[in-house]
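Analysis of the macromolecular model
Below are the chains, spelled out letter by letter.
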Number of protein chains: 2
Amino acid sequence: MTELNDTHDPKLRSWVASANQAGCDFPIQNLPFGRFSHSADAAPRIGVAIGDRILDLRRAGLIDSDDMNALMAATPEKRAALRALISQGLAEGSARQAEWESALVSQSAATMHVPCRIGDYTDFYTSVHHATTVGKQFRPDNPLLPNYKWVPIGYHGRASSIGVSGQRFKRPQGQTKAPDAAVPSFGPSKRLDYELELGWFVGQGNAQGEPVGIGAAESHLFGVTLFNDWSARDIQGWEYQPLGPFLSKNFASTLSPWLVTTEALAPFRAAFERPADDPRPLPYLDSEANRAQGAFSIELEVLLQTAKMREAGEVPVRLSKTNSTRAAYWTPAQLIAHHTVNGCNLQPGDLLGSGTLSGPEAVEAGSLMELTNGGKQPIVLPNGEQRSFLEDGDTLVMHGWCERAGAVRIGLGEVSGTVLAAG
Amino acid sequence: MTELNDTHDPKLRSWVASANQAGCDFPIQNLPFGRFSHSADAAPRIGVAIGDRILDLRRAGLIDSDDMNALMAATPEKRAALRALISQGLAEGSARQAEWESALVSQSAATMHVPCRIGDYTDFYTSVHHATTVGKQFRPDNPLLPNYKWVPIGYHGRASSIGVSGQRFKRPQGQTKAPDAAVPSFGPSKRLDYELELGWFVGQGNAQGEPVGIGAAESHLFGVTLFNDWSARDIQGWEYQPLGPFLSKNFASTLSPWLVTTEALAPFRAAFERPADDPRPLPYLDSEANRAQGAFSIELEVLLQTAKMREAGEVPVRLSKTNSTRAAYWTPAQLIAHHTVNGCNLQPGDLLGSGTLSGPEAVEAGSLMELTNGGKQPIVLPNGEQRSFLEDGDTLVMHGWCERAGAVRIGLGEVSGTVLAAG
């Protein structure tokens, strides 16, 4: 564990009272970045969540422009300095309080935006449990392929269709083919699913042709959001060979609005552990620091609210819960080292999806495909409704948070999204 | 064939004398768009190639900003109007000559840039000949998968590492595993290849959730460049299952600098033809207009200059030659209709790679992997050198052009790129 600097001190409290309430996602120890606006036509501004408020960084005199990608490109030293300034100014007793009160906006009055301009989006496949369970459904005889424990498997995704929490999208249409059908047919997906992921964001980029070594990789990592990578399993099954998923994934993906920085996550680092029989990563993916504390322990849960529940005023019900360290076979530093080892250039604001984070137990699964055994064993909701896959009107909600003894709990906030009818 | 408007009149000549020379890629009937600058620190400007010159559109008073993506987003009517203005102004006898001569720049004095900001890049797999030949090498028993003749297979690629002609890049390093090896090893790729592609660019975008029907698809197509999608076959073979190619492709890809518009290509349309036994495309991919003239007949050739040839002053030697209509199983309109049928939003400046364009004959292959039968039958160059795959110092050059009786030949120009040593 690295020594924690003052911005994590559990005794720190903010003059923003809501930030001090137990269970708040955004205490003064968190300070995540996001982009918000007051009206649909206003240009997004950069803010930091504190309690139920947002500190407008430009109005607080802390930044000169609202270009989040430029802010993300800063060196770790500059980022730490900005964090210290924000922490000091929001702390109880700060002389800045009178000045900064006018730079506060209520979260409930703000419209949140995708937190930065995402140049390229890569989705990884870091959960060996997910890979094994899903692999069984696509390839019963060959669930986990021989490369899985050597290569951090990843593929490029679509940036344009990534939206922010609250996204509503039409059920995708496309080609599917039943195993016993002679020819494919066209229509709305019948096996629409969610995927519980973390979205890791790149801060500093690297020049093309200059790989980032595992030792330097974390200095290129800015922070994390929740990420729902909606997936149409029936479209995927027919289209994905030999070049991977395409239309089954690129109709929509949804991010939580707040970028929780690696600085805020510092108290929640964890050892990177593997079963003793598994191969040791190749040297470009291995370091003592990565083994000791390359992972981040983030609690994750998935909830569902059907249209019927919403009409009846019922709150979302939990479908599953897991922990990112239990679920991920590769750390964010390993993803960055792998992604750049061939000379590929990452840029500030690039998104690296973790892939579906399913833990080892069945109740820790990060998708309906896993929870329902490919749709064969529907789950029964408290109100009696059943779900094999998502239905029109379903709202899917994900939460994430970090907690441990001796540290103040911080939250990643929420990502929600709603399925609309096709057409 | 649509009726050609005056901008294609074979009798049209330009007051830029070099544009009237036989064999010139950029006669007044072409008028492709590109971004150029005079020095490394100058902001790129939008220009149109004419003979061996570039017309600076802002200096000519034709546009207000040098934002190519904004220009590409224009409606087909606005695009046609701009083309007509440029054509009239550059035509022999134009009153604009005196004014526009000062807006001309020599191509040899200009630095060319990637022609627009590429938000998302999708690579397709439109050559059934390529898919069959390569499929045999990856899957001898199962070369052409059952979905191929139904689904325009595509996958997302990396936008950040796309460069413009003249790109020089280090040989990628990565994990590979020989079939008989127990574990993978790490090092420079030993099977580095090129892929001969066309790069189709999106003009007008579509809103998320609103598919573009096959009838409207071409109004979203801006134009075409040459595209070399460099590929590391040994990295690809080990990493690509189950989610597709990743590090084997994203280290570099190279575009030719000039966007040849669909308006310029109008005289070179072709029927979209399929073997009689092949399935008819599903209705969302089929229209009478697409069958009649959805394809574009573009001649393509690949040339190689090794370091030894360069030192000896020898010009590049041709490796293969094909025609895009012979090679492609799907038209650009079908690619756009397919890409958006699930609600995915395309944006101005998005790039749709055709995939490797290999014709039906062995000498029409668009990659070394095909020309050398997976490296087993090296090609012998006129100077006695042999190539199974690319070696350090090799410069790969591609040309493209359109010609037919009764029309003036137009060119796509050239894309070249050079392999540097790893490290």
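Here the structure is a predicted model, which is why all the values come from computation and not from measurement. (Residues numbered from 1 in each chain as written. Chains lettered and ligands numbered in written order. Predicted model: local features only at pLDDT ≥ 70, side-chain atom pairs only at ≥ 80, totals over all residues. Heavy atoms only, no water.)

For chain A, the helix and strand inventory stands at 11 helices and 26 strands. The C-alpha radius of gyration of chain A comes to 21 Å, within 12% of the 22 Å expected for a compact globule of 423 residues. Taking the principal axes of the C-alpha coordinates as reference, chain A spans close to 75 × 55 × 40 Å. Counting only residues that meet the buried cut, chain A has 62% of its 423 residues in that class. Long-range pairs, those at least 24 residues apart, make up 74% of the contacts in chain A with a sequence separation of at least 6. As displayed, chain A has an accessible area near 15300 Å², and 51% of this comes from carbon and sulfur atoms. Computing the positive centroid from 37 side-chain charges and the negative centroid from 46, chain A places the two 2 Å apart. (Helix = DSSP H or I, 4+ residues; strand = E, 2+ residues; numbered from the N terminus. Rg over C-alpha atoms; globule rule 2.2 N^0.38 Å. Buried < 20%, exposed > 50% of the residue type's maximum accessible area, 1.4 Å probe, protein only. Contact = heavy atoms within 4.5 Å. Areas by Shrake-Rupley, 256 points an atom, 1.4 Å probe, with all protein chains shown as cover. Lys, Arg positive; Asp, Glu negative; His and termini not counted. Charge placed at Lys NZ, Arg CZ, Asp CG, Glu CD.)

All right, on to the relation of the copies chain A and chain B then. Superposing chain A onto chain B requires a rotation of 180° together with a translation of 0.0 Å along the rotation axis, leaving an RMSD of 0.0 Å. Here the symmetry operator amounts to a two-fold rotation axis. If distances are taken from each C-alpha of chain A to the rotation axis, the shortest is found for glycine 244 of chain A, at 2.2 Å. Both copies share a contact surface, since 100% of the interface residues of chain A are interface residues in chain B too. (Least-squares fit on C-alpha atoms with pLDDT ≥ 70 in both.)

Attention shifts here to the environment of alanine 91 of chain A. Residues and elements named next belong to chain A. Turning to its location among the elements, alanine 91 is positioned in the loop between helix 2 (76-90) and helix 3 (97-100). Accessibility expressed as a relative area gives 10% for alanine 91, which makes it buried. In sequence terms alanine 91 and valine 16 are 75 residues apart; their C-alpha atoms lie 8.3 Å from each other. Aside from chain neighbours lying at most four places away, what touches alanine 91 is Leu12, Arg13, Ser14, Trp15 and Ile28.

Residue and element names in this part refer to chain B. Burial along strand 9 (residues 167-170) is one-sided: Gln167 and Phe169 are buried, while Arg168 and Lys170, pointing the other way, are not. With 4 bridges joining them, strand 9 and strand 26 (residues 410-420) adopt parallel strand pairing. Counterpart to lysine 170 in the pairing with strand 26 is leucine 420. (Pairing = 2+ DSSP bridges.)

All right, on to the UniProt feature "domain: Fumarylacetoacetase-like C-terminal" (unreviewed entry) in chain A then. UniProt annotation of "domain: Fumarylacetoacetase-like C-terminal" (unreviewed entry) refers to residues 122-419 of chain A when read in the numbering used here. Helix makes up 17% of residues 122-419 of chain A and strand 30%, whereas the separation of the span's terminal C-alpha atoms amounts to 23 Å. (UniProt positions renumbered as here; feature names shortened; annotations may be inferred.)

The next subject is the interface of chain A and chain B. Residue-level contacts link 56 residues of chain A with 56 residues of chain B. Both sides together, the interface formed by chain A and chain B hides about 5200 Å², and carbon and sulfur atoms give 58% of it. Across the pair arginine 158 of chain B and aspartate 350 of chain A runs a salt bridge, and its minimum N-O distance is 2.6 Å. Between chain A and chain B we count 33 residue pairs in polar contact (both at pLDDT 80 or more) in total. Among the elements of the structure, strand 6 (121-124), strand 7 (154-157), strand 9 (167-170), strand 10 (173-176), helix 5 (233-239) and helix 10 (332-340) of chain A are those that each provide at least two residues to the side of chain A that touches chain B. Broken down by element, the side of chain A that touches chain B gets its largest block of residues, 4 residues, from strand 7 of chain A. Taken together, the residues that form the side of chain A that touches chain B break down as 28 nonpolar, 21 polar and 7 charged. (Buried area = accessible area lost by both parts, 1.4 Å probe. Salt bridge = Lys/Arg side-chain N within 4 Å of Asp/Glu carboxyl O. Polar contact = N/O pair within 3.5 Å; in protein donor to acceptor, adjacent residues only side chain to side chain. Nonpolar A, V, L, I, M, F, W, Y, C, P; charged D, E, K, R; others polar.)

Let us now look at the sheet that holds strand 4 (residues 104-106) of chain B. Residue and element names in this part refer to chain B. Read from one edge of the open sheet, 5 strands run 4-3-2-1-5, paired in antiparallel fashion. Edge positions in the open sheet fall to strand 4 and strand 5 (111-113), since each of these has one partner strand only. The mean inter-strand angle of the sheet, taken between neighbouring strand axes irrespective of direction, is 50°. When strand 1 (residues 33-37) meets strand 2 (residues 45-50), the two strands line up antiparallel, connected through 4 bridges. Along strand 2, the bridge assignment pairs arginine 35 with isoleucine 46. (Axes fitted to C-alpha atoms, helices over the stretch in contact; angles between N-to-C directions.)

Glancing now at the side chain of glutamine 167 of chain B. Residues and elements named next belong to chain B. Relative to the helices and strands, glutamine 167 is located in strand 9. A relative accessible area of 10% places glutamine 167 in the buried class. For glutamine 167, the side chain forms a polar contact with the main-chain oxygen of serine 161, separated by 3.4 Å.

All names here are of chain A. The strand order across the open sheet built from 5 strands is 4-3-2-1-5, with neighbouring strands paired in antiparallel fashion. One side of each edge strand has no neighbouring strand; the edge strands of this open sheet are strand 4 (104-106) and strand 5 (111-113). Strand-to-strand, the axes of this sheet are offset by a mean angle of 50°, without reference to chain direction.

To continue, consider the pattern of salt bridges. Residues and elements named next belong to chain A. The final tally for this structure, using the stated rule, is 52 salt bridges over all chains. One salt bridge in this structure joins arginine 280 and aspartate 286, with 2.8 Å as the shortest N-O distance. When its relative accessible area of 56% is taken as the criterion, arginine 280 is described as exposed. Given the relative accessible area of 13%, aspartate 286 is considered buried.

Our next topic: the packing of aromatic side chains. Two aromatic rings, taken as a pair, are described by how far apart their centres are and by the angle between their planes. Residues and elements named next belong to chain A. Tallying each qualifying case throughout the model produces 22 aromatic pairs over all chains. Taking the centre distance of 5.9 Å and the plane angle of 55° together, the rings of phenylalanine 33 and phenylalanine 222 count as tilted. With phenylalanine 33 in strand 1 (residues 33-37) and phenylalanine 222 in strand 14 (residues 221-228), the pair connects residues that are 189 residues apart, well separated along the chain. Grouping residues by exposure puts phenylalanine 33 and phenylalanine 222 together as buried. Summarising the aromatic geometry, the rings of tyrosine 121 and phenylalanine 227 are spaced 5.4 Å apart at their centres and angled 80° between planes, so their arrangement reads as edge-to-face. (Phe/Tyr/Trp six-rings, centres within 6.5 Å; stacked < 30°, edge-to-face > 60°.)

Bringing helix 10 (residues 332-340) of chain B into the picture now. Quick reminder: α-helices carry 3.6 residues per turn. Residues three or four places apart thus point the same way. Among the 9 residues of helix 10 of chain B, 9 are classified as buried, and the element is accordingly described as predominantly covered. Among the residues making up helix 10 of chain B, those that are buried are Pro332, Ala333, Gln334, Leu335, Ile336, Ala337, His338, His339 and Thr340 of chain B.

Before going further, it helps to examine unusual backbone geometry. The phi angle of most residues is negative, glycine excepted, and most peptide bonds adopt the trans form. Residue and element names in this part refer to chain A. Along the chain, glutamine 241 connects to proline 242 via a cis peptide bond; the corresponding omega equals 5°. Of note, proline 242 is situated in the loop between helix 5 and strand 16 (253-255). With a phi close to 60°, leucine 31 is a non-glycine residue in the positive phi region. Within the secondary structure, leucine 31 sits in the segment before strand 1.

Once that is clear, we can look at helix 2 of chain A. Compared with the 21 Å implied by 1.5 Å per residue over 15 residues, the 21 Å span of helix 2 of chain A between its first and last C-alpha is a close match. Residues of helix 2 of chain A that are buried: Arg79, Leu82, Arg83, Ile86, Ser87, Gly89 and Leu90 of chain A. (Expected span 1.5 Å × (residues − 1).)

Here we take up the domain arrangement of chain A. Accessible area lost on assembly of the parts is the figure often given for the size of an interface. Residues and elements named next belong to chain A. Annotation of chain A at the domain level lists domain 1 (6-113) and domain 2 (121-420). For domain 1 and domain 2, the distance between their C-alpha centroids amounts to 28 Å. Taken together, the contact between domain 1 and domain 2 spans 29 residues of the former and 26 residues of the latter. In total, domain 1 and domain 2 occlude about 2300 Å² of area from one another, counting both sides; carbon and sulfur atoms represent 65% of this. Among the ionic pairs, glutamate 263 bridges to arginine 79, the shortest N-O distance being 3.1 Å. The interface formed by domain 1 and domain 2 holds 12 residue pairs in polar contact (both at pLDDT 80 or more) in total. When residues of the side of domain 1 that touches domain 2 are traced back to their parent elements, those giving at least two are strand 1, strand 2 (45-50), helix 1 (68-72), helix 2 and strand 5. For the side of domain 1 that touches domain 2, the per-class residue count stands at 17 nonpolar, 9 polar and 3 charged. (Domains from an automatic or database assignment.)

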